[in-house]
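Chain residues, written in single-letter form:
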Amino acid sequence: MNGHPNGSSPQGAAGGRLIADTPESWDVVESRHRFKGHIIDVVTDTVRMPRDEVAERDYVVHPGAVAALALDEHDRVLLIRQYRHPTRHLMWELPAGIRDVAGEPLVETAARELAEEAGYRAETWYTLADLRSSPGMTDERVRVFLARGLTKIPDEDNDFVQRHEEIGMPIEWVPLADAVEKALMGMIHNSTAVAGILAAYAASVEGFALLRPADAPEA
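A quick note: this is a predicted structure, and the numbers were derived from the prediction, not measured.

## Topic: the nonpolar core
So, point 1. The biggest cluster of nonpolar side chains holds 24 residues, and the ones touching the most others in it are Leu 69, Leu 94, Leu 128 and Ile 197.
So, point 2. Of all the secondary-structure elements, those providing two or more residues to this core are strand 6 (65-70), strand 7 (76-84), strand 11 (141-152), helix 2 (176-184) and helix 3 (191-204).
So, point 3. With sequence-adjacent residues up to four places away left out, Leu 128 is seen in contact with Leu 69, Val 144, Phe 145, Leu 146, Gly 196, Ala 199, Ala 200, Ala 203 and Leu 211.
So, point 4. Ala 110, Leu 114, Ala 118 and Leu 150 belong to the second-largest nonpolar core, a separate cluster that totals 17 residues.

Rendered as structure tokens:
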């Protein structure tokens, strides 16, 4: 029995192990590029496993992405609806985009996406969650920001031209509690949106006081 009166382990540990993802890199015997696309690559690595076995692992190399959970003064979340061809669905999502400008701070990328896709600016930004979207098949990492202090960009000041799936995307303001319910009821499926909504709801319990700054380092 440990010394904590509630029986919990110290510093987020369980069974003596600290519950925090840590860097690790197993030996790659061979790496083969299978496909190179406009945004993603597909790679097969032959990885040395425990007991000196080797196994092939296919994965997608991705530049990474950011997303903005914009929350207004009425605690409503800004959602956009976008067609996603691989799923053959119109999906409710957060304004988001890939990290396509070398050296650009992630919060600036998120601010640009919020402006381009939704037409809003935010006064304050916080790091809400860091995600690995599907770690068994891609190295993609996603940072979700919380954006507060929102103002609408006048149409005459927004010269971004929407193309392809972005054309005609509707915007809806959804109360945060309602968004949580829709996520839990299987009405919102985008993983970044679900994670951001649930993280924002959890963070709201402490008045968002525990969130990291917008420029917090990625692990």
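## Re the environment of His 74
So, point 1. Along the chain, His 74 falls in the loop between strand 6 and strand 7.
So, point 2. Expressed as a C-alpha distance, the spacing of His 74 and Pro 175, which sit 101 residues apart in the sequence, is 7.7 Å.

## Points about the sheet that holds strand 3 (residues 28-36)
So, point 1. Taken together, three strands build an open sheet; the order of strands is 3-4-5 and the sheet is antiparallel. The open sheet terminates on both sides in strands that have one partner only, identified here as strand 3 and strand 5 (54-61). Adjacent strand axes in the sheet meet at a mean angle of 20°, parallel and antiparallel pairs treated alike.
So, point 2. In this structure, strand 4 (residues 41-48) lies alongside strand 5, joined through eight bridges in antiparallel fashion. Looking at strand 5, one finds that Val 42 is bridged to Val 60.

## Side note on a negative patch on the surface
So, point 1. There is a patch of like negative charges on the surface, built from Asp 155, Glu 156, Asp 157 and Asp 159.
So, point 2. The residue Asp 155 is located in the loop between strand 11 and strand 12 (171-175) in this model.

## What to know about the pattern of salt bridges
So, point 1. Enumeration according to the criterion identifies 15 salt bridges in this entry.
So, point 2. Between Glu 56 and Arg 32 there is a salt bridge whose closest N-O contact spans 2.4 Å. Residue Glu 56 is located in strand 5, and its partner Arg 32 is located in strand 3; the two are separated by 24 residues in the primary sequence.
So, point 3. Relative accessible area serves as the criterion here: at 47%, Glu 56 is assigned to the partly exposed category.
So, point 4. Since its relative accessible area comes to 25%, Arg 32 is described here as partly exposed.
So, point 5. Of the charged contacts, one joins Asp 75 and Arg 148 as a salt bridge, the two residues approaching to 3.9 Å between their closest N and O atoms. Residue Asp 75 is found in the loop between strand 6 and strand 7, and its partner Arg 148 is found in strand 11; the two are separated by 73 residues along the sequence.

## Structural notes on the packing of aromatic side chains
So, point 1. For the coordinates displayed, the defined rule picks out two aromatic pairs.
So, point 2. On the numbers, 5.4 Å between centres and 80° between planes, the contact of Tyr 120 with Trp 173 is edge-to-face. Here the residue Tyr 120 occupies a position in strand 10 (residues 120-132), and Trp 173 occupies one in strand 12, the gap between them amounting to 53 residues.
So, point 3. Geometrically, the ring pair formed by Trp 125 and Phe 145 is edge-to-face, given 6.2 Å between the ring centres and 85° between the ring planes. In this pair, Trp 125 sits in strand 10 while Phe 145 sits in strand 11, placing the two residues 20 residues apart along the sequence.
So, point 4. Exposure remark for Trp 125: the relative accessible area of 15% places this residue in the buried category.
So, point 5. Judged by relative accessible area, Phe 145 falls into the buried class, the value being 0%.
So, point 6. Here the guanidinium or amino end of Lys 152 rests over the ring plane of Tyr 120, the centre of that ring lying 5.6 Å away.

Reading the values: the criteria
Residues numbered from 1 in each chain as written. Predicted model: local features only at pLDDT ≥ 70, side-chain atom pairs only at ≥ 80, totals over all residues. Heavy atoms only, no water. Core = buried A, V, L, I, M, F, W, Y, C linked by side-chain atoms within 4.5 Å. Buried < 20%, exposed > 50% of the residue type's maximum accessible area, 1.4 Å probe, protein only. Helix = DSSP H or I, 4+ residues; strand = E, 2+ residues; numbered from the N terminus. Contact = heavy atoms within 4.5 Å. Pairing = 2+ DSSP bridges. Axes fitted to C-alpha atoms, helices over the stretch in contact; angles between N-to-C directions. Patch = residues over 30% accessible without salt bridge, like charges linked within 9 Å, V, L, I, M, F, W, Y side chains within 5 Å. Areas by Shrake-Rupley, 256 points an atom, 1.4 Å probe, with all protein chains shown as cover. Salt bridge = Lys/Arg side-chain N within 4 Å of Asp/Glu carboxyl O. Lys, Arg positive; Asp, Glu negative; His and termini not counted. Charge placed at Lys NZ, Arg CZ, Asp CG, Glu CD. Phe/Tyr/Trp six-rings, centres within 6.5 Å; stacked < 30°, edge-to-face > 60°. Lys NZ or Arg CZ within 6 Å of the ring centre and 35° of its normal.

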